[in-house]
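Commentary on secondary and tertiary structure
Chain by chain, the residues:
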Amino acid sequence: MTAVFSHGRLRLYLLKLLDAGPKHGYELIRLLEERFLGLYAPSAGTIYPRLQRLEADGLVSHTAAGGRKVYEITDLGRAELRQRAGELTTLESDIDASVEDLSTLAGEIRTEVRGSVRDLKRELREAARQTRPARWDRPAPGPRPGPPPAAGASPLLAEFDQRLATFTVEVGALVRAGRLSDVQLRTAIRILDGALDGMRRLLR
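The following paragraphs examine the structure supplied in this document. (Residues numbered from 1 in each chain as written. Predicted model: local features only at pLDDT ≥ 70, side-chain atom pairs only at ≥ 80, totals over all residues. Heavy atoms only, no water.)

**Considerations on the overall build of the protein**
Summing up its helical and strand segments, the protein has 7 helices and 3 strands in all. Along the protein, helices (α) and strands (β) appear in the sequence α-β-α-α-β-β-α-α-α-α when read from the amino end. Taking all 204 residues of the protein together, the buried fraction comes to 31%. The contacts in the protein between residues at least 6 apart in sequence include a share of 64% that link residues at least 24 apart. (Helix = DSSP H or I, 4+ residues; strand = E, 2+ residues; numbered from the N terminus. Buried < 20%, exposed > 50% of the residue type's maximum accessible area, 1.4 Å probe, protein only. Contact = heavy atoms within 4.5 Å.)

Structural data, given as structure tokens:
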């Protein structure tokens, strides 16, 4: 859970979302993800226990609709919102700041990954350029060219393997040393997935 929702503030924000109208749990998850521009989405294991606690405290109630529980704020829940209006205003400001920080972090990681992908593309193109003459220009004994050389025959391929291993170790060390939040880790995973997709497109 993102740090902006520490100390029971997620409970307050759920009341705020339900004050706009009844919702089931996955609607609340979607609204929170939209509020954070897709950079954070709470899990069902985060949302539903808090809804159950709110219901036990009399702040929300639920009805069954289409096999789902639809939650609705109660008069007691609205009274708590009014009492904590100042805290809710501060929370909205903190969410804005958190979204800005997450967006900046995501942009920085994307920039780093794009640079790494560009370097990989350049080195792969160079490796292909140097391998091509060895594969096709060498005289062949028969009507067809001989088999390509082993992968280890290219110094650039060996360098690629070394850089890939170094990249994996260094990124892992940076992530663990930085004690990243769940949101930041999810962002890093998405960016790595994007880099992998870029490599797949390059090698098609």
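**Notes on the packing of helix α2 (residues 25–35) against helix α3 (residues 44–56)**
Packing of α2 against α3 brings their axes to within 10 Å, and their N-to-C directions diverge by 120°. Classified by the angle between their axes, α2 and α3 sit oblique to one another. For the element pair α2 and α3, the recorded crossing hand is right-handed. Where α2 abuts α3, its residues Gly25, Tyr26, Leu28, Ile29 and Leu32 lie against Ala44, Ile47, Tyr48 and Leu51. The residue makeup of the contact of α2 with α3, split by class, is 8 nonpolar, 1 polar and no charged. (Axes fitted to C-alpha atoms, helices over the stretch in contact; angles between N-to-C directions. Parallel < 35°, antiparallel > 145°, perpendicular 65-115°, else oblique. Left-handed = near helix turned anticlockwise from the far one by under 90°. Nonpolar A, V, L, I, M, F, W, Y, C, P; charged D, E, K, R; others polar.)

**Concerning the nonpolar core**
In this structure, Phe5, Tyr13, Leu14, Leu32, Leu51, Leu91 and Ile95 are the most contacted members of the largest nonpolar core, which totals 26 residues. Broken down by secondary-structure element, the contributors of at least two residues to this core are α1 (9–19), α2, α3, β3 (68–73) and α5 (85–136). Of all the elements, α1 adds the most residues to this core, at 7 residues. Setting aside residues up to four positions removed in sequence, Leu91 forms contacts with Val4, Phe5, Arg9, Leu12 and Tyr13. (Core = buried A, V, L, I, M, F, W, Y, C linked by side-chain atoms within 4.5 Å.)

**Considering α2**
What α2 keeps buried is the set Gly25, Leu28, Ile29 and Leu32. When α2 is viewed along its axis, its buried side chains cluster within an angular range of 100° and face the same direction. Next to the buried residues of α2 lie α1, β1 (23–24), α3 and β3. Just past α2, the residue Leu37 takes up positive phi, approximately 55°. (Arc of directions from axis to C-beta.)

**A short note on the packing of aromatic side chains**
If you walk through the whole model with that rule in mind, you get 5 aromatic pairs. Taken together through their ring pairs, the aromatic side chains of Phe5, Tyr13, Phe36 and Tyr40 make up a single cluster. (Phe/Tyr/Trp six-rings, centres within 6.5 Å; stacked < 30°, edge-to-face > 60°.)

**Describing the pattern of salt bridges**
Per the stated rule, a full pass over the model turns up 12 salt bridges. A salt bridge links Arg78 to Asp19; the nearest nitrogen and oxygen atoms lie 3.4 Å apart. Here Arg78, found in helix α4 (residues 75–83), pairs with Asp19, found in helix α1; they are 59 residues apart in sequence, far enough to count as distant. Residue classification places Arg78 among the partly exposed residues on the basis of a relative accessible area of 30%. For Asp19, a relative accessible area of 38% corresponds to the partly exposed category. Of the charged contacts, one joins Arg84 and Glu80 as a salt bridge, the two residues approaching to 2.7 Å between their closest N and O atoms. (Salt bridge = Lys/Arg side-chain N within 4 Å of Asp/Glu carboxyl O.)

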